[in-house]
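# Coordinates in review
Listed below are the residues making up each chain.
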Amino acid sequence: MPVSAGTSVTGQSPGNRPDAVISVSEAREAILAAMPAFDIETIPVGSAGGRVLRQAVVAERDQPPFDRVMMDGIAIAFGDFAAGKRRFPVQSTQAAGDEQQVLEPGKCIEIMTGASLPRGADCVVPVERITVAGGDARLEDGYVAEANQFIHPRGSDHGLGAELLAAGKRISPMDIAIIHSAGLTDIDVSRSPTIRTISTGNELVPAGAPIEPHQVRMSNGPAVVALLRQHGYTDCEHDHLVDEPQLLEERIAAHLAAADVLVLSGGVSMGKADYVPQVLGKLGVDVVFHKISQRPGKPMWFGMGPQGQAVFALPGNPVSTLVCARQYVLPALARSAGEPDPLPEFAALAQDVSFNPSLTCFLPARLVSGTGGQVLAMPVATNTSGDFTALSATDGCVELPLEESQFPAGTVLQLHRWSMRA
Ligand code: AMP
Ligand code: MG
């Protein structure tokens, strides 16, 4: 059954105020261009997981740092084998971590995985292919050895000074291993921004407090904090402010003074209690744009504070808040942290969709596998941008471009997963 991604357009149309409504791509570019780079800090590698590198990591030594034995067994000179020798007096034993020994002509050294190859040896015979008796190691009948077998040559993975990790990489557990292997105890990363989220609205009541029939549970702020924390931004606090200009001014001023980034929800539309843009203006936050030709989230406001604080004022409808947080706040934070822009991801629509109102649509969708293994996006109706309970079953949104209105099943669209981390 075809899905309609929505019909009613709220707010003003671009036709009424063309200068006030910008496109999704213009909004993205304006935000990314405005975001300042976060400072660099040096921290112990042990606490660097999940942070963004602000330095390159280069190899301290060749890898492997010596010709590394790859099997438990014996090390021999291949020339002896080639000359027909099959029984070798055991000269000594050399384990991983032992100093390199020198192989005497015609003999073998018992050798362990990870040891450095004894000087004079150029062939390792695995322990399964030998028997040791009376101080001699004897090769299995018919065993065929090859020169240099089971030897991992020095520098064959990379050489000293090779760049192992580039600045901008978000540090994974594998990267922690690499940084340790490079001998580093401390590392330069992006400072984690201080983020304040603020829910505005007289009608909002937090969980745990008594609620009247005409009131609404406050859910946006905690959801945005959770989204930010999921992406590694741990310094997040949430505040709730009522729609009262004087109070908004005082409290937002305090948050601006304390934070690198503010994420507000609510109070940015055209209602009489929508004071947020005017209060931000009074506090010296310069508006970069107000309104994007998209649904949900059209009334979004973005500006820069006097000390370079990025201020995202998101519409309060819960679906709008989450879509805008994902589409604009997360990529902006990644840019400021120094991460390269992620490669775009795509999915094919699992069913026909129509969407008419000349807006870009972020359509929540669940991902399913197609018969050929391709990723299909199954639209999930949210009725209005306030119906957020359906989002739990979604993996992200597909982006329906503004130029089209009919999207047949199979149409390939850009996919924005809720989580930007693979
Ligand atoms: P606003 O953008 O302030 O006009 O809010 C739009 C709608 O979203 C209203 O129905 C609000 O009650 C609702 N809303 C605003 N903020 C929140 C919030 N923090 N949690 C849940 N719903 C909210
Ligand atoms: Mg409100």
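Further up the page is the structure itself.
A quick note: this is a predicted structure, and the numbers were derived from the prediction, not measured.

Regarding its fold elements, the protein presents seven helices and 29 strands. In terms of its C-alpha atoms, the protein occupies a principal-axis envelope of roughly 95 × 50 × 45 Å. Counting over 422 residues, the protein shows a buried share of 45%. In the protein, once contacts between residues fewer than 6 apart in sequence are set aside, the share between residues at least 24 apart is 71%. Counting every atom, the protein has about 19,800 Å² of accessible surface; 53% of that belongs to carbon and sulfur. One way to put it: in the protein the 31 positive side-chain charges average out to a point 1 Å from where the 46 negative ones average out.

Moving on: the packing of helix α1 (residues 24-34) against helix α7 (residues 318-337). As a packed pair, α1 and α7 sit with axes 9 Å apart at the nearest point and diverge in direction by 35°. Regarding α1 and α7, the two cross each other, and that crossing is right-handed. Residue-level contacts link Val 24, Ala 27, Arg 28, Ile 31 and Leu 32 of α1 to Gln 327, Tyr 328, Pro 331, Ala 332 and Arg 335 of α7. Split into classes, the residues belonging to the contact of α1 with α7 amount to seven nonpolar, one polar and two charged.

The subject of this paragraph is the packing of helix α4 (residues 220-230) against α7. Orientation of α4 relative to α7, taken along the N-to-C sense of each, is 30°, at an axis distance of 10 Å. If you check the angle between α4 and α7, you find them roughly parallel. Here the hand of the crossing between α4 and α7 comes out right-handed. The segment α4 lies against α7, with Asn 220, Ala 223, Val 224, Leu 227 and Leu 228 engaging Pro 318, Thr 321, Leu 322, Ala 325, Arg 326, Val 329, Leu 330 and Leu 333.

Let us now look at the site of ligand 1. Taken together, 15 residues surround ligand 1, and among them Glu 203, Ser 219, Asn 220, Gly 267 and Gly 316 come closest. Glu 203 has a polar side-chain atom sitting 2.6 Å from an oxygen atom of ligand 1. Here an oxygen atom of ligand 1 sits 2.8 Å away from a polar atom, N or O, in the main chain of Gly 316. With the chains in place, 79% of the 490 Å² that ligand 1 exposes on its own is no longer accessible.

Reading the values: rules and limits
- Residues numbered from 1 in each chain as written.
- Chains lettered and ligands numbered in written order.
- Predicted model: local features only at pLDDT ≥ 70, side-chain atom pairs only at ≥ 80, totals over all residues.
- Heavy atoms only, no water.
- Helix = DSSP H or I, 4+ residues; strand = E, 2+ residues; numbered from the N terminus.
- Buried < 20%, exposed > 50% of the residue type's maximum accessible area, 1.4 Å probe, protein only.
- Contact = heavy atoms within 4.5 Å.
- Areas by Shrake-Rupley, 256 points an atom, 1.4 Å probe, with all protein chains shown as cover.
- Lys, Arg positive; Asp, Glu negative; His and termini not counted.
- Charge placed at Lys NZ, Arg CZ, Asp CG, Glu CD.
- Axes fitted to C-alpha atoms, helices over the stretch in contact; angles between N-to-C directions.
- Left-handed = near helix turned anticlockwise from the far one by under 90°.
- Nonpolar A, V, L, I, M, F, W, Y, C, P; charged D, E, K, R; others polar.
- Parallel < 35°, antiparallel > 145°, perpendicular 65-115°, else oblique.
- Near = heavy atom within 4 Å.
- Polar contact = N/O pair within 3.5 Å; in protein donor to acceptor, adjacent residues only side chain to side chain.

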